[in-house]
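Survey of secondary and tertiary structure
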2 protein chains.
Amino acid sequence: MHLVTVRTAAGTRAGRVEGSEIVLLDHSDVRGVIDADGGIDSAADIDGDRLSLAGASLAPVIPKPDKIICVGVNYADHVAEMGRTPPEAPTYFAKYARALAGPHDDLLLPDPDHTSHIDWECELAVIIGSPVRHATSEEALAGVAGYAVLNDVSCRDWQRRTTQFLGGKTWEALTPLGPALVTRDEIGDGSGLNISTTVDGVIKQASNTDHLIFNVVDIVKDLSRIMTLDPGDVIATGTCGGVGAARTPPEWLAPGRTMTTTIEGLGQLVNACI
Amino acid sequence: MHLVTVRTAAGTRAGRVEGSEIVLLDHSDVRGVIDADGGIDSAADIDGDRLSLAGASLAPVIPKPDKIICVGVNYADHVAEMGRTPPEAPTYFAKYARALAGPHDDLLLPDPDHTSHIDWECELAVIIGSPVRHATSEEALAGVAGYAVLNDVSCRDWQRRTTQFLGGKTWEALTPLGPALVTRDEIGDGSGLNISTTVDGVIKQASNTDHLIFNVVDIVKDLSRIMTLDPGDVIATGTCGGVGAARTPPEWLAPGRTMTTTIEGLGQLVNACI
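All figures in this text were calculated on a predicted structure; none of them were measured in a lab. (Residues numbered from 1 in each chain as written. Chains lettered and ligands numbered in written order. Predicted model: local features only at pLDDT ≥ 70, side-chain atom pairs only at ≥ 80, totals over all residues. Heavy atoms only, no water.)

Helix and strand counts for chain A stand at eight helices and 18 strands. Radius of gyration (C-alpha) of chain A: 18 Å, near the 19 Å computed for a compact globule of 274 residues. Within chain A, the fraction of its 274 residues that count as buried is 59%. For chain A, contacts bridging at least 24 residues in sequence account for 75% of all contacts bridging at least 6. For chain A, the computed accessible surface area is about 9700 Å², with 50% contributed by carbon and sulfur atoms. Seen as two clouds, the 21 positive and the 37 negative side-chain charges of chain A have centres 5 Å apart. (Helix = DSSP H or I, 4+ residues; strand = E, 2+ residues; numbered from the N terminus. Rg over C-alpha atoms; globule rule 2.2 N^0.38 Å. Buried < 20%, exposed > 50% of the residue type's maximum accessible area, 1.4 Å probe, protein only. Contact = heavy atoms within 4.5 Å. Areas by Shrake-Rupley, 256 points an atom, 1.4 Å probe, with all protein chains shown as cover. Lys, Arg positive; Asp, Glu negative; His and termini not counted. Charge placed at Lys NZ, Arg CZ, Asp CG, Glu CD.)

Take helix α8 (residues 216-226) of chain B next. All names here are of chain B. Counting buried positions along α8 yields nine of 11 residues, so the element is predominantly enclosed. Three or more residues of α8 are buried, namely V216, V217, I219, V220, D222, L223, S224, R225 and I226. The residue sitting at the N-terminus of α8 and contributing the capping side-chain oxygen is N215; that oxygen lies 3.2 Å from the backbone nitrogen of V217. (Polar contact = N/O pair within 3.5 Å; in protein donor to acceptor, adjacent residues only side chain to side chain.)

Time to look at the domain arrangement of chain A. Residue and element names in this part refer to chain A. According to the domain assignment, chain A contains domain 1 (1-59) and domain 2 (60-272). In this structure, domain 1 and domain 2 have C-alpha centres spaced 23 Å apart. Each partner contributes to the interface: domain 1 provides 14 residues, whereas domain 2 provides 26 residues. Around 1400 Å² of area is buried between domain 1 and domain 2 when both sides are counted, 54% of it from carbon and sulfur atoms. Our count for the contact surface shared by domain 1 and domain 2 stands at two salt bridges. Across the pair R31 and D66 runs a salt bridge whose closest N-O atoms are separated by 3.0 Å. Joining domain 1 to domain 2, the criterion identifies nine residue pairs in polar contact (both at pLDDT 80 or more). (Domains from an automatic or database assignment. Buried area = accessible area lost by both parts, 1.4 Å probe. Salt bridge = Lys/Arg side-chain N within 4 Å of Asp/Glu carboxyl O.)

Now for the relation of the copies chain A and chain B. Expressed as a screw operation, the relation of chain A to chain B combines 0.0 Å of axial shift with a rotation of 180°, fitting to an RMSD of 0.0 Å. A rotation of that kind, with that shift, is consistent with a two-fold axis. Of the interface residues in chain A, 100% have counterparts in chain B that sit at the interface too, so the contact is made through matching surfaces. (Least-squares fit on C-alpha atoms with pLDDT ≥ 70 in both.)

Here the focus is the interface of chain A and chain B. Taken together, the contacts link 34 residues of chain A with 34 residues of chain B. Surface buried jointly by chain A and chain B totals about 3200 Å² across both partners, of which 58% is contributed by carbon and sulfur atoms. When the area that chain A buries against chain B is broken down by residue, the three leading residues are A:Y96, A:Q164 and A:I226, summing to 22%. Scanning the region where chain A abuts chain B turns up six salt bridges. In this structure, A:D222 and B:R161 form a salt bridge, with 2.8 Å as the shortest nitrogen-oxygen distance. Going through the elements one at a time, β6 (68-72), β7 (91-95), α6 (166-169) and α8 (216-226) of chain A are the ones with two or more residues in the side of chain A that touches chain B. It is β7(A) that contributes the most residues to the side of chain A that touches chain B, four residues altogether. The residue makeup of the side of chain A that touches chain B, split by class, is 14 nonpolar, nine polar and 11 charged. (Nonpolar A, V, L, I, M, F, W, Y, C, P; charged D, E, K, R; others polar.)

All names here are of chain B. Here four strands make up an open sheet; going across it, the order is β15-β14-β17-β18 and the pairing antiparallel. The open sheet has two free edges, formed respectively by β15 (202-208) and β18 (267-272), since each of these has just one partner strand. Between one strand and the next, the sheet's axes are offset by a mean angle of 10°, whatever the strand orientation. Sheet analysis places strand β14 (residues 194-199) next to β15, joined by six bridges and oriented antiparallel. Residue pairing for β15: N194 is matched across the bridge by N208. (Pairing = 2+ DSSP bridges. Axes fitted to C-alpha atoms, helices over the stretch in contact; angles between N-to-C directions.)

This paragraph deals with the nonpolar core. In terms of nonpolar packing, the biggest core is built from 114 residues, with A:V220, A:L223, A:L229, A:I235, B:V220, B:L223 and B:I235 touching the most fellow members. Discounting chain neighbours no more than four positions away, the residues touching A:L229 are A:K67, A:I69, A:I128, A:S130, A:P131, A:V132, A:V220, A:L223 and A:I235. (Core = buried A, V, L, I, M, F, W, Y, C linked by side-chain atoms within 4.5 Å.)

Turning next to the environment of B:P176. Tracing the backbone through its elements, the reader meets B:P176 in strand β13 (residues 175-183). With relative accessibility at 0%, the residue B:P176 sits in the buried group.

The next thing to look at is the sheet that holds strand β14 (residues 194-199) of chain A. Pairing between sheet strands relies on hydrogen bonds along the backbone, with the strands arranged either parallel or antiparallel. All names here are of chain A. Here we have four strands laid out as an open sheet, ordered β15-β14-β17-β18, and antiparallel in their pairing. Looking at strand neighbours, the two that pair on one side only are β15 (202-208) and β18 (267-272), the edges of this open sheet. Within the sheet, the average angular offset between the axes of one strand and its neighbour, ignoring direction, is 10°. Relative to strand β17 (residues 258-263), β14 runs antiparallel, the two sharing five bridges. The partner of S196 across the bridge, within β17, is T262.

The subject of this paragraph is unusual backbone geometry. The omega angle of the peptide bond from A:T248 to A:P249 is -10°, so this bond is cis rather than trans. The residue after B:G178, namely B:P179, is reached through a cis peptide bond having omega -10°. With respect to the element layout, B:P179 can be found in strand β13. One non-glycine residue, A:A173, lies in the positive phi region at around 55°. Relative to the helices and strands, A:A173 resides in the loop between α6 and β13 (175-183). Despite not being glycine, B:H134 shows a phi value in the positive range, around 50°. The residue B:H134 is located in the loop between β10 (122-128) and α4 (137-142) in this model.

Okay, structure coming up:
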């Protein structure tokens, strides 16, 4: 099942994709569907209004997660290009919900006097479906509602201002998330998926989630030692090689460029920079 | 005004401290008071039930902020003891709301097989009252609703597992916040306040917020370049020297120890470790 959060005149609504249409559901967003009694499966039974998918304005599929947890340095080729050593444990940093953008939203780049080294990072996003705490591998996977595409757009100058990444990672409305939550029954454990970023149609990043150093189950298990993962939480699993910062010369997003982020089976984010 | 969030049989309620009593307000927590039309000032006019302050079970004063933003390496003596160089810009990392504990809650320490280097960090917490974006100094201060005490309890082994602090900073229910939001009219810009941690009555940290490298206005201004700060957001401004990790030998929290965190004018957190 593909679930989306769509903007309507009366606010956002959750919807289920059926062919070229969105069947609207009785929740304000996909997190509401996850949280409802019976969860995602019961949502399939509600029938409502329909919208054309092509004409819909999609919001971030989870507009306001309690947590956005990002994993850094989690593909071997990206570790090498950033001059880091392969990690013995997953590297975690955060974004806040204010960072999210819709899957087709224009990205309003910040004032270049504030930051100008704005980079792409295609990532497989995991969306939690039920509380996960001190999980076994089986429990970790069972806690995953599904997956989406996220581009962890990063302001490298601010990311490198200090030792901690957060200040370069959580700029307002620069992190597209969507287009849909694709449920786990279609995707399994998130392995074996081709993932890429193109800018103006030129491939910049291309890899496969088989190359994750820590896979989805590893990450969910490890995080559940630290704290409870809650329904709607988003985990961005890290990016592969090919980021702009590692190119010679470095290459950045700029007004007029269009970034396309694709994961096999999950769809595409298409974001014009303005 | 001192505002608290108190646990009742029917869930949490916001309250205003009057002498030895709490006057309950018509909001489920202090964030509701901040968000209400008219904000904190209008809350003073609602009269309701009263509770004894001494017998009350206080929740984290903001139980579920959208953002908890922490500033690292922000007192010169703590920078030196941790072997870091003085920063040219504020260092930011995050906690999630799941990390918060009430001001008098017992802290249930994690399984020592998972983490055993659990340390104290007394910090002045800023609570945002109205949206702040691209702020001037005046706007930054005007966006502050008030202040509270926070202890940024840190699992040093996990903090140092990778380059990024988050994994050691956001352990479940180990970060007490409270006891009250003390409004800005009583505290001003947060400077000149004595701040300390004692463990079992022995002073471990003692400083003054005058020694912050980046002060409250600096931090709020800088963060507002990155994103909108929202009502109820919590900013922990960093800790001073005297943490357990910097002692010889290192010293950690353990079951049976009681940590007391005090800031002049804001009150005290008293947390027994179990």
